[in-house]
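Read off the chains here:
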Amino acid sequence: VCVCVCNCLHCPSLYSFVLSSIPAAQLREEDQLSFLVFDHEVSTILPMTTMNIAGKEKAAKAISKLRERGQTNLSGGLLAGLQQFLMMKQVEGEKAKIESILLFTDGKANRGIKDQNTI
């Protein structure tokens, strides 16, 4: 999951959505989840973690620390999510599972790559 934490008007509603939706999701013990946050910087607040009881607690703790800051480096967040996804695929191989990248953003790319066609 990649979440924009820029200090724009729309991002606090993103935090509320993520805070309420992800921990309540029907995650199975074999599921894996990671969280990246991005503004003008990109950082991993939860590396790829198995969603057993301890993993769910780590995820909830990481999500609870989301705070707004900076501007939107949409391309940086997306590329970091793709990179983590591809690294996981190299380690995990071609196992049959659902693989998704969720990108939560205000959509205003004002840092990094700004052109929509390039992103």
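A.B. asks: Let's hear about the pairing of strand E3 (residues 42-50): which residues, and what values?
C.D. replies: On a regular strand, one side chain projects to one face of the sheet and the next to the other, so that they alternate. Relative to E3, strand E2 (residues 32-38) is paired through six bridges, and the arrangement is antiparallel. Within E3, the residue paired with Val-37 across the bridge is Ser-43. Here E2 hands over to E3 after three residues, the two strands then running antiparallel side by side.

A.B. asks: Report on helix H2 (residues 53-64), specifying residues and quantitative values.
C.D. replies: Along its 12 residues, H2 runs 17 Å from first to last C-alpha, staying within 8% of the 16 Å computed at 1.5 Å per residue. The complete set of buried residues in H2 reads Gly-55, Ala-59, Ala-62 and Ile-63. Summarising the axial view, the buried residues of H2 lie within an arc of 95°, below the 170-degree limit, and thus occupy one face. Exposed residues lying more than 90 degrees from the buried face of H2 are Ile-53, Glu-57 and Lys-61. Looking at where H2 begins, the residue whose side-chain oxygen comes 3.3 Å from the main-chain nitrogen of Ala-54 is Asn-52.

A.B. asks: Kindly report on the side chain of Asp-31, identifying the contributing residues and their values.
C.D. replies: Tracing the backbone through its elements, the reader meets Asp-31 in the loop between helix H1 (11-21) and E2. Polar side-chain contacts of Asp-31 include one of 2.6 Å to the backbone nitrogen of Arg-28. With sequence-adjacent residues up to four places away left out, Asp-31 is seen in contact with Gln-26, Thr-49, Thr-50 and Met-51.

A.B. asks: Outline the confidence of the model for the protein, supporting the account with residue identities and numerical values.
C.D. replies: Looking at the protein, pLDDT values average 75 and 71% of them are 70 or higher. Taken element by element, the protein is modelled with least confidence in H1, mean pLDDT 62, and with most confidence in E3, mean pLDDT 86.

A.B. asks: Go over the environment of Thr-50, please, and point to the residues and values.
C.D. replies: In this fold, Thr-50 is placed in strand E3. The exposure class assigned to Thr-50 is partly exposed, which follows from its relative accessible area of 33%. Spatially, the C-alpha atoms of Thr-50 and Ser-34 are 9.0 Å apart, while their sequence positions differ by 16 residues. The residues touching Thr-50, leaving out its near neighbours within four places in the chain, are Glu-29, Glu-30, Asp-31, Gln-32 and Gly-55.

Procedures and definitions
Residues numbered from 1 in each chain as written. Predicted model: local features only at pLDDT ≥ 70, side-chain atom pairs only at ≥ 80, totals over all residues. Heavy atoms only, no water. Pairing = 2+ DSSP bridges. Helix = DSSP H or I, 4+ residues; strand = E, 2+ residues; numbered from the N terminus. Expected span 1.5 Å × (residues − 1). Buried < 20%, exposed > 50% of the residue type's maximum accessible area, 1.4 Å probe, protein only. Arc of directions from axis to C-beta. Polar contact = N/O pair within 3.5 Å; in protein donor to acceptor, adjacent residues only side chain to side chain. Contact = heavy atoms within 4.5 Å. pLDDT = per-residue confidence, 0-100.

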